[in-house]
Amino acid sequence: MATPTLRTLARELGLSRTTVSDALRGSPRVKPETVERVRAAAKAAGYDRNPLAGAVMSFLRRSCGQKFRGVLGVLEIVAEEQSPNARRYNDAVFEGVSNKAEQLGFKVDRFQLGATGLKLSRLDSILQTRGINGLIVLPAAGFPDLTGLSWSRYTAVYVDYFVDSPPMHCVCSDHYRSMIGLLRELHARGFRRPGLFIETSLDERLHFRWEGAFLALQHYLPDIDKVPILRPEHVTFETFQPWFEKYQPDVVLGHFPDAVGWMKRCGARIPRVQSFVCLNSLRTDGACAAMDFQAPQLGARATELVTGHLMHSEFGIPAQASLTTIPARLVEGPTLRARGADGGKPAAARRRTASAAS
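Computed from a predicted model, the values in this text were never measured in an experiment.

The pairing of strands in a sheet comes from backbone hydrogen bonds and takes either a parallel or an antiparallel form. The strand order 2-1-3-4-5-10 describes an open sheet built from six strands, whose pairing is parallel. The two strands at the open ends of the sheet, each matched to only one other strand, are strand 2 (106-114) and strand 10 (323-326). Within this sheet the neighbouring strands show an average axis-to-axis angle of 20°, counted without direction. Sheet topology note: the strand 1 (residues 70-78)/strand 3 (residues 134-137) ladder contains four bridges and is parallel. Note on strand 3: the bridge partner recorded for Val 74 is Ile 136. Of the strands in this sheet, strand 1, strand 2 and strand 3 touch helix 6 (residues 120-130), which is tilted by about 165° from strand 2.

Below you can see the structure in the form of structure tokens.
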């Protein structure tokens with residue numbers, strides 16, 4: 001019996017070879033009922049498609065005489081009162097998406113969803129009309145619900161920690177490893193009483209990764225004094241002051257740069273004796289040391305993943321969603337004592353030296 005081919009399948013089904021090929025790789029250009037009919041006939045005939053060969057040929061056809069390979073959709077779910085920090089972060093991620101997409105031969109369309117944007121049904125229609133199958137979802141408040149899209153037609157990556165409506169591959173900052181690296185760097189600079197404040201909602205949203213890494217290093221770094229974590233619903237000067245004055249941390253870590261002013265009101269001498277590091281550089285104006293989540297790199301990595309899925313015709317909700325992480329980096333600032341200052345002596349020794357000199 002002759003080995004079945006695309007040509008023989010097409011002749012048997014009364015379809016073109018292109019339609020049969022598209023149906024076998026799950027292209028959204030083919031009607032779902034036609035896809036099912038073609039796949040059933042291929043299975044019955046014992047036809048075994050080589051997805052790698054198909055991807056290579058598809059790539060060669062698209063690359064012949066032109067660089068343009070398609071359009072990616074960037075979805076942004078906008079809350080009624082989106083904070084300036086959220087807008088800045090999404091814009092930074094989008095910058096990374098746009099730059100990487102251009103390098104790979106793709107254009108980018110940005111769509112807004114939510115109270116002031118498109119409805120899911122309307123977006124679904126636009127994406128199908130424009131032939132957009134690769135999606136990148138920007139970070140959203142809470143946990144977005146995009147189950148209303150026709151997911152058999154799309155492949156998507158969410159640029160945040162977790163999403164399950166539907167599950168998607170995710171790219172985000174590695175908060176746990178970032179905190180580990182930060183605490184080790186601070187320890188090398190002589191700090192021995194690091195203190196962390198974090199609002200409950202921020203901590204829970206990241207499954208306690210900031211807090212978990214902080215508690216672990218309190219146990220394993222030598223000569224560390226364990227300062228309890230300040231973890232209120234909302235951080236204000238009234239909640240911060242009693243904690244700071246009772247435990248006297250020599251370096252404070254938190255998301256709100258207002259803490260610099262609060263520390264000074266409590267008598268802190270920054271950065272000579274005490275220091276501060278903001279855990280999100282986009283919340284600052286450059287006036288303090290901070291952790292940079294490298295948002296453009298996150299956007300670029302998400303773009304690489306989506307285009308890879310498109311090349312391999314991987315559409316639909318993944319059977320097992322994956323998480324790709326990139327660590328944040330420390331950005332120096334005037335609120336953090338530089339490495340080597342005071343010979344890396346612990347804060348207690350610096351206080352004794354300062355008292356003797358006064």
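From this point on, the discussion continues.
On to the pairing of strand 8 (residues 275-278). Regular strands place side chains that alternate from one sheet face to the opposite one. Side chains Ser 275 and Val 277 project from strand 8 onto one buried face, and the interleaved Phe 276 and Cys 278 project onto a second face that is buried too. Chirality of the crossover, the property in question, places the unit of strand 7 (residues 251-254), helix 11 (residues 258-265) and strand 8 among those that are right-handed. Direction of pairing for strand 8 relative to strand 9 (residues 289-292): parallel, over a ladder of two bridges. Note that in strand 9 the partner of Cys 278 across the bridge is Ala 290.

Next up on the list: the nonpolar core. Of all hydrophobic cores here, the largest spans 50 residues; its most connected members are Met 179, Leu 183, Leu 186, Leu 253, Val 277 and Leu 279. Those elements giving two or more residues to this core turn out to be strand 1, helix 5 (84-104), strand 5 (169-173), helix 7 (175-188), helix 9 (209-220), strand 7, strand 9 and helix 12 (295-311). Leave out the neighbours within four places in its chain, and Leu 279 touches Met 179, Leu 182, Leu 196, Trp 210, Leu 253, Gly 254, His 255, Met 291 and Phe 293. Among the nonpolar cores identified, the runner-up in size contains 20 residues, and Phe 256, Val 260, Met 263 and Phe 276 belong to it.

This part takes up empty space enclosed by the protein. Counted by the stated rule, this structure contains two cavities of 30 Å³ or more. Here the largest cavity is characterised by a volume of approximately 70 Å³. Every residue along the wall of the largest cavity is listed here: Leu 183, Leu 186, His 187, Phe 191, Pro 194, Phe 214, Leu 217, Gln 218, Leu 221 and Ile 224. Only helix 7 and helix 9 provide two or more residues apiece to the lining of the largest cavity. Considering only residue class, the lining of the largest cavity consists of eight nonpolar, two polar and no charged. Of the pockets and cavities examined, the second largest cavity occupies roughly 30 Å³. Along the walls of the second largest cavity sit Gly 142, Phe 143, Asp 160, Tyr 161, Phe 162 and Arg 205, which together make up its complete lining.

Cut-offs applied
- Residues numbered from 1 in each chain as written.
- Predicted model: local features only at pLDDT ≥ 70, side-chain atom pairs only at ≥ 80, totals over all residues.
- Heavy atoms only, no water.
- Pairing = 2+ DSSP bridges.
- Helix = DSSP H or I, 4+ residues; strand = E, 2+ residues; numbered from the N terminus.
- Axes fitted to C-alpha atoms, helices over the stretch in contact; angles between N-to-C directions.
- Contact = heavy atoms within 4.5 Å.
- Buried < 20%, exposed > 50% of the residue type's maximum accessible area, 1.4 Å probe, protein only.
- Right-handed = clockwise from strand over helix to strand, strands pointing away.
- Core = buried A, V, L, I, M, F, W, Y, C linked by side-chain atoms within 4.5 Å.
- 1 Å grid on protein atoms, 1.4 Å probe; cavity = no way out; pocket = protein on both sides within 12 Å on 5 of 7 lines; lining within 4 Å.
- Points joined across faces, edges and corners; volume = space filled by probe spheres on them.
- Nonpolar A, V, L, I, M, F, W, Y, C, P; charged D, E, K, R; others polar.

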